Amino acid sequence: MVNLWNLLFLSFVHFSSFSVTLGGVSGNPFTPKSSFIRYWNKEVHREIPSTHFLLSKVSPLTAVDSASFSKLAAHNNLASRLPSFCSSAKLFCFPDLSPSLEKHSKDVNFAVYLDRNFTNYGSDRLAGLDSFKNYSENDNVIVDSFRRYSRDSAGHKDQFSNYASASNVVDQSFNTYGGAATGGSGNFNNYNHEVNVPNLRFTSYSDDSNGHGQTFTHYTEETNAGQQSFSNYGKNGNGVPNDFTSYGKDSNVIGSDFSGYGKTANGAKDTFISYAFDSNNPVNGFKSYGDSGNAAVDSFSSYRDQSNVGDSSFQSYAKSSNGAKVDFDNYGQSFNEGTEKFTGYAQGADGQSIGFKIYGRNTTFKDYTKKGVTFSRYSNESSTTSGKVVVSKWVEPGKFFREKMLKRGMVIPMPDIKDKMPARSFLPRTILSKIPFSSSEIDQLKRIFHAGNNSTLGTIMLDALKECERPPSPGETKRCVGSAEDMVDFAISVLGRNVEVRTTQNVNGSKKNIMIGSVGKINGGKVTKSVSCHQSLYPYLLYYCHSVPKVRVYDADILDPNSMEKINHGVAICHLDTSSWSSGHGAFLALGSGPGRIEVCHWIFENDMTWTIADS
C-alpha cells in the first residue's frame with residue numbers, strides 16, 4: 001500500500017514548477033507565502049497588496065522544505081536537521097561549536113574573529129601575549145567559548161579590546177580560564193560595548209592562580225537587558241588583583257551575580273570603581289563572596305552612583321574570613337532609591353575592617369557582624385542629581401509625547417525606533433503546530449534548538465514563554481503568535497474581519513529632530529480600540545499581541561526639518577486612558593502629571609505593528 005504521506009510529498013514536488021499569481025505575487029501555490037495570501041483573502045474583507053510589509057515576515061521556506069520540516073516536526077526529529085532548518089526558515093539559532101584544535105606556540109593576534117571555541121588553548125604557555133581586538137564585532141548572534149584557556153601558564157597576558165561591540169545577542173563562556181596561572185594578566189577593555197543582550201559567564205575563572213590579575217574597563221557599557229555571572233571566580237587564588245572600572249556604565253537593566261567569588265583566596269584585591277554607574281535598574285548579587293579568604297582588600301567606590309533604582313544583595317559576604325578590609329565609599333547614591341540587603345555579612349570573620357562612607361539609603365542589615373564595622377556619613381537621602389537629568393538619560397527624548405504635538409509644522413525629537421531584535425521569520429502553521437510552546441516543555445524545546453542547560457538560548461526561550469503565559473492585565477486580551485495566520489486570527493477576534501495593519505515605514509529620523517507633515521486620523525480620529533503587536537526574542541518570529549482600548553491612531557508624514565523633504569511615514573498611537581499605569585511610568589517622568597490625568601502617545605517602532613478597524 002502506497003503511503004499517503006509519500007503521495008502528498010510527491011505532489012508537492014510535482015507542482016514545484018507550477019506558478020500562479022495570488023494578490024499580485026507570483027510563485028509556487030504550496031509555499032507558506034502563497035498559503036498565507038490565500039488565508040488573508042479568505043479571512044479579511046480586503047486583498048493584501050503584494051508589497052505589504054507583513055508578507056516579508058512570512059516563512060521563506062520552499063514548498064518542498066516546508067513539507068520536509070513539517071514531517072520532521074511531526075516525528076519530533078527537527079533537532080537532527082537544526083542548522084539546515086534555521087538557515088532555510090530564517091530563524092534565530094545559536095551555532096553548534098566544536099572544540100578548537102588550533103595550537104599556537106607564540107603570541108597570537110586574533111582580529112575580526114567570529115564564533116570560536118577555545119578549549120585547552122594556551123595551556124602551559126610561558127610569557128607572551130594573546131590579543132583579541134575587534135573580535136566578533138558588529139554581528140547578530142555571537143557565541144564564543146573559552147575553556148581551560150591559558151591554564152597553568154606563567155607570565156602570560158591576554159587582552160580583549162573592542163570585543164563583540166555593537167552586536168545584538170552575545171553569548172560568551174569563560175570556564176576555568178587562566179586556572180592555576182602564575183603571574184601575567186588579563187585585560188578586558190571596551191568589552192561588549194553597545195551590545196543589545198549580553199550574556200556572559202565566568203566560571204572558576206583564575207581559580208588556583210597566583211598573582212594573575214584581571215582588569216575590566218568599560219566592560220558592557222551602554223548595553224541592554226543582559227546578565228553576567230562570576231562563579232568561583234579567583235577561587236583559591238593567591239595575591240590576585242581584580243579591577244572593575246566603569247563596569248556596566250550607562251547600561252539598562254543589567255544583572256551581575258558573584259557567587260563564591262574569591263572563595264578561600266589569599267591576599268585578594270578587588271576594586272569596583274563606577275560599577276553600574278549612571279545605569280538603569282542594575283541588579284547585582286554577591287553570594288559567599290570572599291568566603292573564608294585571608295587578608296582580602298575590597299573597595300567599592302561610586303558603586304551604582306547616579307543610577308536609577310536597582311538592587312544589590314550581599315549574602316555571606318566575607319564570611320569566616322581573616323583580616324578582610326572592605327571600604328564602601330559613595331555607595332548606592334542612586335536617583336530613585338533602590339534596595340541593599342546585607343545578610344550574614346562578615347559573620348564568623350576575624351580582624352576585619354569594614355567602612356561605609358556616604359552610603360545610600362534604603363538598606364537592610366540582617367545578622368550582620370558588629371565588630372570592625374564603621375559608618376561615616378551614612379546618608380538618608382538619595383543622590384542630589386536632578387530628576388530632569390535622570391529623565392533625559394533613561395526616558396529617551398521623543399519616546400512619549402502629547403496628542404497636541406501631532407500637528408503639521410511641529411518640530412519634535414524622535415527616539416531610536418530601530419528594531420534591535422535579530423532578523424527572523426514566522427513559521428508556517430504546519431510546522432508551528434507540531435512544536436511545543438509551554439514553559440513546562442522547556443526541556444524538549446531546548447533539545448530541539450540545541451540549547452544546553454543554563455544556556456543563553458534556554459533562558460531566552462523560558463523568559464518569552466513565561467511572559468506569554470502571564471495572566472492578562474485587567475481588561476486586557478492577549479496572545480502570543482508565531483505565525484502570520486495566528487496574528488490575523490487574533491486581530492479579527494478583537495476587531496472583526498474588516499481590519500487593517502500598519503507600521504512606521506522606516507527608521508529615518510531616529511534620534512533626531514523631525515518635523516510633522518500632513519497628519520491622517522485613522523477611523524476619522526474617533527476613540528477606538530486597536531491590537532498592538534510587539535516582538536519577543538525567540539528562535540522564530542514571535543509577537544506578543546494585545547488589545548488596547550480607548551485609543552486614537554494617527555499616521556503622519558515625517559519631514560527633515562532643514563530640507564522639508566519627506567523622509568518617513570510614521571504611525572502613532574495615543575492612549576487616552578492611563579489610569580491603570582504606574583505612577584513611575586517613563587511617560588509621566590518625561591511629560592509630567594500622573595496616571596489618568598493625561599493621554600500618552602508614542603510611535604510604532606520598526607517591525608512592531610498596530611491593527612485597527614479599516615477605514616471605509
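Residues numbered from 1 in each chain as written. Predicted model: local features only at pLDDT ≥ 70, side-chain atom pairs only at ≥ 80, totals over all residues. Heavy atoms only, no water.

Enquirer: It is not clear to me how the packing of aromatic side chains should be interpreted in this structure. Could you clarify?
Expert: Here a ring pair, both rings aromatic, is described through the centre-centre distance and the interplanar angle of the planes. Throughout the structure, instances matching the rule amount to 24 aromatic pairs. For the ring pair Y538 and Y540, a centre distance of 5.0 Å and an interplane angle of 75 degrees mean the geometry is edge-to-face. Taken together, the ring pairs in this structure connect F132, F146, F160, F174, F188, F202, F216, F244, F258 and F272 into an aromatic cluster. (Phe/Tyr/Trp six-rings, centres within 6.5 Å; stacked < 30°, edge-to-face > 60°.)

Enquirer: I tried to follow the layout of surface pockets on my own but got confused; where do I start?
Expert: In this approach, a probe sized like a water molecule rolls over the atoms, and the result shows the empty space that is left. In this model, the second largest pocket occupies a volume close to 670 Å³. Sorting the residues of the lining of the second largest pocket by element identifies β6 (141–147), β8 (169–175), β10 (197–203), β12 (227–231) and α8 (456–469) as the ones contributing at least two each. It is β10 that provides the largest number of residues to the lining of the second largest pocket, a total of four residues. Considering only residue class, the lining of the second largest pocket consists of seven nonpolar, 16 polar and five charged. (1 Å grid on protein atoms, 1.4 Å probe; cavity = no way out; pocket = protein on both sides within 12 Å on 5 of 7 lines; lining within 4 Å. Points joined across faces, edges and corners; volume = space filled by probe spheres on them. Helix = DSSP H or I, 4+ residues; strand = E, 2+ residues; numbered from the N terminus. Nonpolar A, V, L, I, M, F, W, Y, C, P; charged D, E, K, R; others polar.)

Enquirer: Even after reading the chapter, I still don't get the side chain of S173, so can you show me in this structure?
Expert: Tracing the backbone shows S173 in strand β8. Owing to a relative accessible area of 18%, S173 belongs among the buried residues under this scheme. Residue contacts for S173: discarding those within four places in its chain leaves D144, S145, F146 and R201. (Buried < 20%, exposed > 50% of the residue type's maximum accessible area, 1.4 Å probe, protein only. Contact = heavy atoms within 4.5 Å.)

Enquirer: Looking at this model, I keep getting lost on the pairing of strand β5 (residues 129–133). Mind explaining?
Expert: Consecutive side chains along a regular strand alternate between the two faces of the sheet. Here strand β3 (residues 108–111) pairs with β5 via four bridges, running parallel. Its bridge partner lying in β5, N109 is registered against S131. (Pairing = 2+ DSSP bridges.)

Enquirer: Could you clarify how one ought to interpret unusual backbone geometry in this entry?
Expert: Glycine aside, the phi torsion of most residues is negative, and most peptide linkages are trans. Although it is not a glycine, A180 adopts a positive phi angle of roughly 60 degrees. Structurally, A180 can be placed in the loop between β8 and β9 (185–189). For A180, a relative accessible area of 25% translates into the label partly exposed. Residue D208 is not a glycine yet carries a positive backbone phi of 60 degrees. Here D208 is to be found in the loop between β10 and β11 (213–217).

Enquirer: Got a minute to help me understand the state of the cysteines in this structure?
Expert: Here, disulfide denotes a covalent bond that connects the sulfur atoms of two cysteines. A full pass over the atoms with the stated rule returns four disulfides. Note on cysteine connectivity: C86 is disulfide-linked to C93, with sulfurs 1.9 Å apart. Here the disulfide of C86 and C93 is left-handed, its torsion about the S-S bond being about -75 degrees. C468 shares a disulfide with C480; S-S distance 2.0 Å. One disulfide, between C468 and C480, carries an S-S torsion of -95 degrees and so falls in the left-handed class. Of the two residues, C468 sits in helix α8 while C480 sits in strand β25 (residues 478–481), which places them twelve residues apart along the sequence. Take C468 and C480: they sit in the same class, and that class is buried. For the protein chain, numbering the cysteines in disulfides from first to last along the sequence yields the connectivity 1-2, 3-4, 5-6, 7-8. (Disulfide = S-S within 2.5 Å.)

Enquirer: Help me understand empty space enclosed by the protein, please; the structure alone is not making it clear to me.
Expert: By the definition in use, this model includes five cavities of 30 Å³ or more. Of the pockets and cavities examined, the largest cavity occupies roughly 90 Å³. Lining of the largest cavity is provided by 15 residues; of these, A268, Y289, G290, A296 and D298 occupy positions nearest its centre. When contributions to the lining of the largest cavity are tallied by element, the ones reaching two or more residues are β17 (297–301) and β19 (325–329).

Enquirer: Honestly, the pairing of β11 in this entry has me stumped. Any pointers?
Expert: Burial runs high along β11: four of the five residues are buried. Pairing geometry for β9 and β11, over five bridges, is parallel. Note on β11: the bridge partner recorded for N189 is T217. Note: β11 against strand β13 (residues 241–245), four bridges, orientation parallel. In the strand pairing of β13, T217 is matched with T245.

Enquirer: Please clarify how the pattern of salt bridges should be interpreted in this entry.
Expert: Going through the model one piece at a time under the given rule, you end up with 14 salt bridges. Here E43 makes a salt bridge to K42, at a shortest N to O gap of 2.5 Å. Ionic pairing is found between R497 and E43, a salt bridge with its closest N-O pair at 2.5 Å. Taken as a pair, R497 in the loop between α9 (484–495) and β26 (499–502) and E43 in helix α2 (residues 32–43) lie far apart in primary sequence, 454 residues in all. Judged by its relative accessible area of 11%, E43 is buried. Each of the salt bridges in this network shares a partner with another, and the network as a whole consists of R429, R479, D486 and D489. (Salt bridge = Lys/Arg side-chain N within 4 Å of Asp/Glu carboxyl O.)

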